[in-house]
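# A look at the structure
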Amino acid sequence: MVSPSVLSADFSDLKSQVRMVERYASRFHFDAMDGHFVPNITFGPVVLAGLRKCTSLPIEADLMIEHPGRFVDDFAGSGADIIVVHVEADRHIHRTLGRIRDLGKKAGVSLNPATPVSSIGYILHDVDEVLVMTVNPGFGGQRFIESMIPKIRELKKAISESRLPVEIVVDGGINLDTGKKCVAAGADVLVAGSFIYGSRSPVSAIRALKKL
Ligand code: DX5
């Protein structure tokens, strides 16, 4: 499955950017950044509500923010279907994940490149997806970190052994080459920003990713 990251889209015409690739996408990825958890600021619940009007596909809000627990109700209210919180950003992540599910949304946890799979061993039951950051979060267009491949494999093994229906999502530096390696290692969903929206033909780019 492919999830275009709107971070790389042209915001002067977001609706057309979404509609252009919608047919080939399984969901859209929305990176909220606060300038604290990551060194960049993007958008929040108000812009999410606008994106919500552009598509009926699921929207995955990736909260790259400190204290995500304070904001999950707002993102749910603005139309996110999946809410992802970073394990490094929340001291009480078990509570936050429970809150996301209580709101009727799918819950995800994200791991920065330096964070081990073992950090989420006790919350694997509480999530619908694990998002493996394959770059340091904050910016689109960065180079894929190759050492994340064995991490994806390790995560796949842990999920298979637990027999839980947890999806593996990979995010950052995804193109045809890195995407293929991630799928081989066990990834279910490829998030791609610049490879899709930075290409001359976003439609060809997403179609090619879908075939991996
Ligand atoms: C990076 C973001 C990604 C970003 C990916 O912090 O999490 O979603 O949009 O962009 P590319 O595909 O350009 O690496």
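In the block above lies the structure referred to throughout.
Conventions used here
All residue numbers refer to positions counted from 1 along the written sequence of the respective chain. Since the coordinates come from a predicted model, pLDDT governs what is reported: local features require at least 70, and pairs of side-chain atoms require 80 or more to be given and counted, while whole-chain, interface and lining totals use all residues. Working from all heavy atoms in the structure, the side-chain values ignore hydrogens and water. Within 6.5 Å between ring centres, the rings of Phe, Tyr and Trp (the latter by its six-membered ring) count as paired, and their orientation is classed by plane angle as stacked under 30 degrees, edge-to-face over 60, tilted in between. Helix and strand definitions here come from DSSP, where helices need a minimum of 4 consecutive H or I residues and strands a minimum of 2 consecutive E residues; each element is numbered from the N-terminal end. Note on exposure labels: buried denotes an accessible area under 20% of the residue type's maximum, exposed denotes more than 50%, and partly exposed covers the range between, all computed with a 1.4 Å probe on protein chains only. Among buried residues, those of type Ala, Val, Leu, Ile, Met, Phe, Trp, Tyr and Cys that are joined through side-chain atoms within 4.5 Å constitute a nonpolar core.

## Examining the packing of aromatic side chains
Think of a pair of aromatic rings as described by two things: how far the centres are apart, and how the planes are tilted against each other in angle. Tallying each qualifying case throughout the model produces two aromatic pairs. Consider the rings of Phe30 and Phe43, whose centres lie 4.4 Å apart with planes at 35 degrees: the pair is tilted. Residue Phe30 is located in strand E2 (residues 28-33), and its partner Phe43 is located in the loop between E2 and helix H2 (45-52); the two are separated by 13 residues in the primary sequence. Look at Phe30 and you get buried, because its relative accessible area is 1%. Judged by relative accessible area, which is 14%, Phe43 ranks as buried. Put simply, the rings of Phe11, Phe30 and Phe43 touch in pairs and so form one group of aromatic residues.

## What to know about the nonpolar core
Val6, Phe30, Leu63, Phe75, Ile120, Val130 and Cys182 are the most contacted members of the largest nonpolar core, which has 60 residues in total. No other element matches helix H5 (residues 148-162), which puts five residues into this core. In terms of nonpolar packing, the next biggest core, distinct from the first, is built from 13 residues, Phe37, Ile82, Ala89 and Val189 among them.

Purely geometric numbers; function is a separate question.
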